[in-house]
Amino acid sequence: MIRTTGRPGARAAKFGFVAAPFVGLAVAVLLVWQTSYSAFSSTTSNGVNNWTAGSVRLTDNDSGVAMFSADRLMPGSTGNRCIVVTSEGTVPSTVKLYGTGLTTTNGLSSYLQLTVSEGAGTATDCSDFSGAGIYTGTLAGFTATTHAAGYGTWAPTGASAASRTYRFAWTFDSAAPQSTQGGTASITFTWEAQSS
């Protein structure tokens, strides 16, 4: 008796067609599983990394009081005052002095001679001051109103707190004309630090 092998029936073909994707997926999973367990790995890391911005900070010892409040001036009157400015910034900077809000009547500011010096000393009456001039002229000529145009040479390093003393000396010109009688002048002196 001769046995012949026939072709698979329709049911078997249908089963093979439906089962093929599942068999393929199972084989792929086994391959990935075997691959994931066959690789070596190693890592290393350092501690948490941090960044902090530096700062510039200026204070002075005037306790919020103006250096000058002089009245009843006569030609030849004089005065001086020292102020200590402290930098507590943590980055290198340049410090400049400028003026804001200059006002005058009867032309008085043109006859107030002003000398500003930069140096060292702690006495507000400037008795222990030593330093060099950074501005000499009239109050009217003190025209710097920004850091870029300001006066001074101080450049704190930011490594630690540092101080600089400024002496302001003024004289009411002895040749001031009669027209300056009753005149007024005012200005706000400002120090500004900018990182460099």
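Residues numbered from 1 in each chain as written. Predicted model: local features only at pLDDT ≥ 70, side-chain atom pairs only at ≥ 80, totals over all residues. Heavy atoms only, no water.

Participant: Could you clarify how one ought to interpret the pattern of salt bridges in this entry?
Facilitator: Between side chains of opposite charge, pairing is possible as soon as their charged atoms come close. Tallied over the entire structure, the rule returns 2 salt bridges. Where E88 meets R57, a salt bridge forms, and the shortest distance between an N and an O atom there is 2.7 Å. Taken together, the residues E88 in the loop between β2 (78-87) and β3 (93-104) and R57 in the loop between α1 (10-36) and β1 (58-60) connect sequence positions 31 residues apart. What makes R57 partly exposed here is its relative accessible area of 46%. We note a salt bridge from E118 to R164, for which the minimum N-O separation is 3.6 Å. Taken together, the residues E118 in strand β4 (residues 112-120) and R164 in strand β6 (residues 162-172) connect sequence positions 46 residues apart. (Salt bridge = Lys/Arg side-chain N within 4 Å of Asp/Glu carboxyl O. Helix = DSSP H or I, 4+ residues; strand = E, 2+ residues; numbered from the N terminus. Buried < 20%, exposed > 50% of the residue type's maximum accessible area, 1.4 Å probe, protein only.)

Participant: Please explain the packing of aromatic side chains as it appears in this structure.
Facilitator: Think of a pair of aromatic rings as described by two things: how far the centres are apart, and how the planes are tilted against each other in angle. Under the definition given, this model contains 7 aromatic pairs. Ring centres of Y135 and Y151 lie 5.1 Å apart, and the angle between their planes is 55°; on these two criteria the pair is classed as tilted. Of this pair, Y135 sits in strand β5 (residues 130-138) while Y151 sits in the loop between β5 and β6, placing them 16 residues apart in sequence. There is no split in this pair, since Y135 and Y151 are both buried. In textbook terms, an aromatic cluster arises when at least three aromatic residues are bridged by ring pairs, as seen for Y135, F142, Y151, Y166, F168, F189 and W191. (Phe/Tyr/Trp six-rings, centres within 6.5 Å; stacked < 30°, edge-to-face > 60°.)

Participant: Is there a simple way to think about the environment of G182 in this case?
Facilitator: Here G182 lies in the loop between β6 and β7 (185-195). When the C-alpha atoms of G182 and L108 are compared, they prove to be 8.7 Å apart, with 74 residues separating the residues in sequence. Here G182 is in contact with T105 and N106, once residues within four sequence places are set aside. (Contact = heavy atoms within 4.5 Å.)

Participant: Honestly, unusual backbone geometry in this entry has me stumped. Any pointers?
Facilitator: Trans peptide bonds make up most of the peptide bonds, and negative phi angles are found at most residues other than glycine. We note that S63 has phi near 55°; this positive angle belongs to a residue other than glycine. Of note, S63 is situated in the loop between β1 and β2. Of note, N106 is a non-glycine position whose phi angle comes to about 55°, a positive value. Note on placement: N106 falls in the loop between β3 and β4. For N106, a relative accessible area of 41% gives the class partly exposed.

Participant: I tried to follow the side chain of S109 on my own but got confused; where do I start?
Facilitator: With respect to the element layout, S109 can be found in the loop between β3 and β4. Exposure remark for S109: the relative accessible area of 3% places this residue in the buried category. Not counting residues up to four positions away in its chain, the partners in contact with S109 are T104, T138, L139, A140 and A185.

Participant: Which parts of the structure should I look at to understand the environment of V91?
Facilitator: Along the chain, V91 turns up in the loop between β2 and β3. Residues V91 and S160, 69 residues apart in the sequence, show an inter-C-alpha distance of 9.3 Å. Filtering out sequence-adjacent residues up to four positions away, V91 remains in contact with G54, S55, V56, P156, T157, G158 and S195.

Participant: Just to check I follow, could you spell out the sheet that holds β1 for this structure?
Facilitator: Adjacent strands of a sheet form backbone hydrogen bonds with each other and so pair up, either parallel or antiparallel. Taken together, 5 strands build an open sheet; the order of strands is β1-β2-β6-β4-β5 and the sheet is antiparallel. At either end of the open sheet lies a strand with only one pairing partner, and these are β1 and β5. Each neighbouring strand pair of the sheet contributes to a mean axis angle of 25°, computed without reference to strand direction. Two elements, β1 and β2, share 3 bridges in a ladder whose sense is antiparallel. (Pairing = 2+ DSSP bridges. Axes fitted to C-alpha atoms, helices over the stretch in contact; angles between N-to-C directions.)

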